Amino acid sequence: MSGARGLTAANDVSAPNDLSAWWLPFTANRAFKARPRIITRAKDMHYYTPEGKPIIDGSAGLWCVNAGHNRDSIVSAIQAQAAELDFAPAFQFAHGIGFTVASRIAELAPGDLDHVFFCNSGSEAADTAIKIAMAYWHTQGQGQRTRVIGRERGYHGVGFGGISVGGISANRKVFGTLLSGVDHLPHTYNRAEQAFSRGEPEWGAHLADDLERIVALHDASTIAAVIVEPMAGSTGVLPPPKGYLKRLRQICDKFGILLIFDEVITGFGRTGFAFAAERYGVVPDIITFAKGVTSGTVPMGGVIVRKHIHDAFMTGPEHIIELFHGYTYSGHPLACAAALATLDVYRDENLFERTRQLEDKWADAFFTLKGLPNVIDIRTLGLVGAVELSSRPDAVGKRGFEAMERGFHEHGIMVRTTGDTIAVSPPLIVTEDQIGEIVDKIATTIRAVA
Ligand code: PMP
């Protein structure tokens, strides 16, 4: 047991006595297990504790439950699929629902991004996208194009490709030499220029020009791709400066470099569109997705590629395997069933359009937090909001943030605290009253900790 606190009676799997065996990801396990926050149930906008206390879901789980929790049609679809075809390989076999889901996703993607490769998570999607980019250049007789350019403060999951192109030092520094030939664009945040800008900040499009410096340093002939999140999510919610993504696209075009958008967070409605690419009028060559595709119900991720990339792999002899890459659970039938039912909910309830309609009210509500103790910036985009607090030792500090996390739980709200930022991204079914409730609970907690 090693100090782990039991909860209730033995033999109740949802309330175990022994918390020691599960090593939790991205968690200070020892501190957490001394004061665990346990969730037993969820419905629509709420989680429930073992005592039955509702916790409003201000983070859509981990940015994924875009359709809200335990939606009947999604639950039924998963159950029916489990009873019909629980598993089938996607290596040299396939199943109808996989093709259907791929077509539905391709229909939502912009331009000629019309082929979908399935995996099971955002991390796998990032590594898959990087591998497809490199393999694509091989098909073009340019196998020396192996460098991938990421960005400071980028998050692309935890695979070796993802942490290499990602820009979070804590996620990289103890994991060896990583992928070689990686370089990073500067991140796009500058508080002096951008603080309290709603949506996309005016300042910062020129930061994309740094790609020209990187190209001059390494030569375009060695660069396979650039990968960025249209809006950096996990490192504190950084909406792209106006014009930045278009500029990046132009420079990639100039040097024939593939542009990858990691839409693991921004995909499936978070910014009011199926993909942020549509919001910004920029067609990348590759899009990665995960999370919202199944509203978090069953793990699924994937990579959408433009026609010319897919077609480049289809030109060799027919009996040759085109891409030596894939996962046992690529296109898992339960994930496909969950995705199909989720996409139906998004369509039938107009949740992407609804997000666009709510965006201003959401931002208005968030900006009422301006002026609260220690608040040094507020950023909003679609149904995402972030409150940055001062990290001065005499302000909130690390212990303050721990108190903040406990405070949120006590006040019945789940949000993400990353670094000095509180990130909020509710399910897209959030009502206007619930937006008010979320912002009130955040204000109460900020005041209490101050
Ligand atoms: N890319 C981005 C932009 C993400 O936000 C995340 C997860 N937060 C990932 C990749 C990794 O996804 P997963 O945790 O499903 O591997």
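About the cut-offs
- Residues numbered from 1 in each chain as written.
- Predicted model: local features only at pLDDT ≥ 70, side-chain atom pairs only at ≥ 80, totals over all residues.
- Helix = DSSP H or I, 4+ residues; strand = E, 2+ residues; numbered from the N terminus.
- Rg over C-alpha atoms; globule rule 2.2 N^0.38 Å.
- Buried ≥ 20, exposed ≤ 12 C-beta atoms within 10 Å, placed from the backbone.
- Contact = placed C-beta atoms within 7 Å.
- Domains from an automatic or database assignment.
- Pairing = 2+ DSSP bridges.
- Near = placed C-beta within 6 Å.
- Nonpolar A, V, L, I, M, F, W, Y, C, P; charged D, E, K, R; others polar.
- Core = buried A, V, L, I, M, F, W, Y, C linked by C-beta atoms within 7 Å.
- Axes fitted to C-alpha atoms, helices over the stretch in contact; angles between N-to-C directions.
- Right-handed = clockwise from strand over helix to strand, strands pointing away.
- Expected span 1.5 Å × (residues − 1).

Peer 1: An account of the overall build of the protein is requested, with residue identities and associated values reported.
Peer 2: Helices and strands together make up the secondary structure of the protein, namely 16 helices and 15 strands. Against the globule reference of 22 Å for 450 residues, the protein gives a C-alpha radius of gyration of 22 Å, in line with a compact fold. Its C-alpha atoms give the protein principal-axis dimensions of about 60 × 55 × 45 Å. Across the 450 residues that make up the protein, the buried fraction comes to 47%. Partitioning the intrachain contacts of the protein with sequence separation of at least 6 by distance along the chain shows that 72% fall at a separation of at least 24.

Peer 1: How would you explain the domain arrangement of the protein if you had to name every residue and give the values?
Peer 2: Domain boundaries in the protein define domain 1 (37-67 + 350-449) and domain 2 (74-348). Here the C-alpha centre of domain 2 lies 26 Å away from the C-alpha centre of domain 1. Of the residues lining the interface, 30 residues belong to domain 1; the matching set on domain 2 comes to 28 residues. Secondary structure elements with two or more residues in the side of domain 1 that touches domain 2: helix 2 (60-63), helix 14 (351-367), strand 11 (375-381), strand 12 (384-389) and strand 15 (421-424).

Peer 1: Report on the sheet that holds strand 2 (residues 46-48), specifying residues and quantitative values.
Peer 2: Reading across the sheet, the 4 strands line up as 1-2-3-13 and stay open at both edges, with mixed pairing between neighbours. Both outer strands of the open sheet, strand 1 (41-43) and strand 13 (413-414), are each paired with one neighbouring strand and no more.

Peer 1: Quick rundown of the site of the ligand? Include the residues and the values.
Peer 2: Taken together, 15 residues lie near the ligand, and Ser 121, Gly 122, Ser 123, Gly 157 and Val 264 sit nearest. Ranked by residue count, the leading element in the shell around the ligand is helix 5 (residues 122-139), at 3 residues. Broken down by class, the residue content of the shell around the ligand amounts to 6 nonpolar, 7 polar and 2 charged.

Peer 1: Give a description of the nonpolar core that names residues and reports values.
Peer 2: Nonpolar side chains in soluble globular proteins tend to be buried together. With 118 residues, the main nonpolar core has Ala 133, Val 226 and Ile 286 as its most contacted residues. For this core, the leading source of residues is helix 13 (residues 333-348), giving 9 residues. There are two domains that each give this core at least three residues, and those are domain 1 (37-67 + 350-449) and domain 2 (74-348). Aside from chain neighbours lying at most four places away, what touches Ala 133 is Val 148, Ala 224, Ala 225, Leu 258, Ile 260 and Ile 286.

Peer 1: So what's going on with the pairing of strand 12? Residues and values would help.
Peer 2: Counting buried positions along strand 12 gives 6 out of 6 residues, so the element sits mostly inside the fold. Judged by which residues are buried, strand 12 turns out to be covered on both faces: Val 384, Ala 386 and Glu 388 on one side and Gly 385, Val 387 and Leu 389 on the other are all buried. Here strand 11 pairs with strand 12 via 6 bridges, running antiparallel. Each residue of the ladder has a partner; that of Leu 381, found in strand 12, is Val 384. A loop of 2 residues connects strand 11 with strand 12, the two strands running antiparallel in sequence, and Gly 382 in this loop sits at a positive phi of about 50 degrees. Here strand 12 runs beside strand 15; their pairing, made up of 4 bridges, is antiparallel. For Ala 386, the partnering residue across the bridge sits in strand 15 and is Ala 423.

Peer 1: Can you break down the sheet that holds strand 11 residue by residue, with the values?
Peer 2: Here 4 strands make up an open sheet; going across it, the order is 11-12-15-14 and the pairing antiparallel. Edge positions in the sheet fall to strand 11 and strand 14 (416-418), since each has one partner strand and no second. Going from strand to strand, the sheet's axes swing by 20 degrees on average, the running direction of each strand aside.

Peer 1: Describe the environment of Gly 157, naming the residues involved and giving the relevant values.
Peer 2: Along the chain, the position of Gly 157 falls in the loop between strand 5 (147-151) and helix 6 (160-165). Considering only alpha carbons, one finds Gly 157 and His 409, 252 residues apart in sequence, at a separation of 26 Å. Setting aside residues up to four positions removed in sequence, Gly 157 forms contacts with Ser 121, Gly 122, Ser 123, Ala 126 and Gly 162.

Peer 1: Quick rundown of the pairing of strand 8 (residues 258-262)? Include the residues and the values.
Peer 2: The buried fraction of strand 8 amounts to 5 of the 5 residues, a majority that puts the element mostly inside the structure. Taking every second residue as pointing to the same face, both faces of strand 8 are buried, with Leu 258, Ile 260 and Asp 262 on one and Leu 259 and Phe 261 on the other. Judged from the 4 bridges that link them, strand 7 (residues 223-228) and strand 8 form a sheet pairing that is parallel. Bridged to Ala 225 within strand 8 is Leu 258. At this point the chain moves from strand 7, through helix 10 (residues 244-255), to the parallel strand 8, and the crossover so formed is right-handed.

Peer 1: Lay out helix 4 (residues 96-108) with the relevant residues and their values.
Peer 2: The terminal C-alpha atoms of helix 4, which comprises 13 residues, lie 19 Å apart, in line with the 18 Å expected from a rise of 1.5 Å per residue. Buried residues along helix 4 sit in contact with strand 4 (113-119), strand 10 (301-306) and helix 13.

Peer 1: Tell me about unusual backbone geometry, residues and numbers included.
Peer 2: Not every positive phi belongs to a glycine, and Asp 219 is a case in point at roughly 80 degrees. Take Asp 219: it is sitting in the loop between helix 9 (210-218) and strand 7. Among the residues examined, Asp 219 registers 12 C-beta atoms within 10 Å and is labelled exposed. Positive phi, normally seen in glycine, also occurs at Asn 374, with a value near 70 degrees. Turning to its location among the elements, Asn 374 is positioned in the loop between helix 14 and strand 11.

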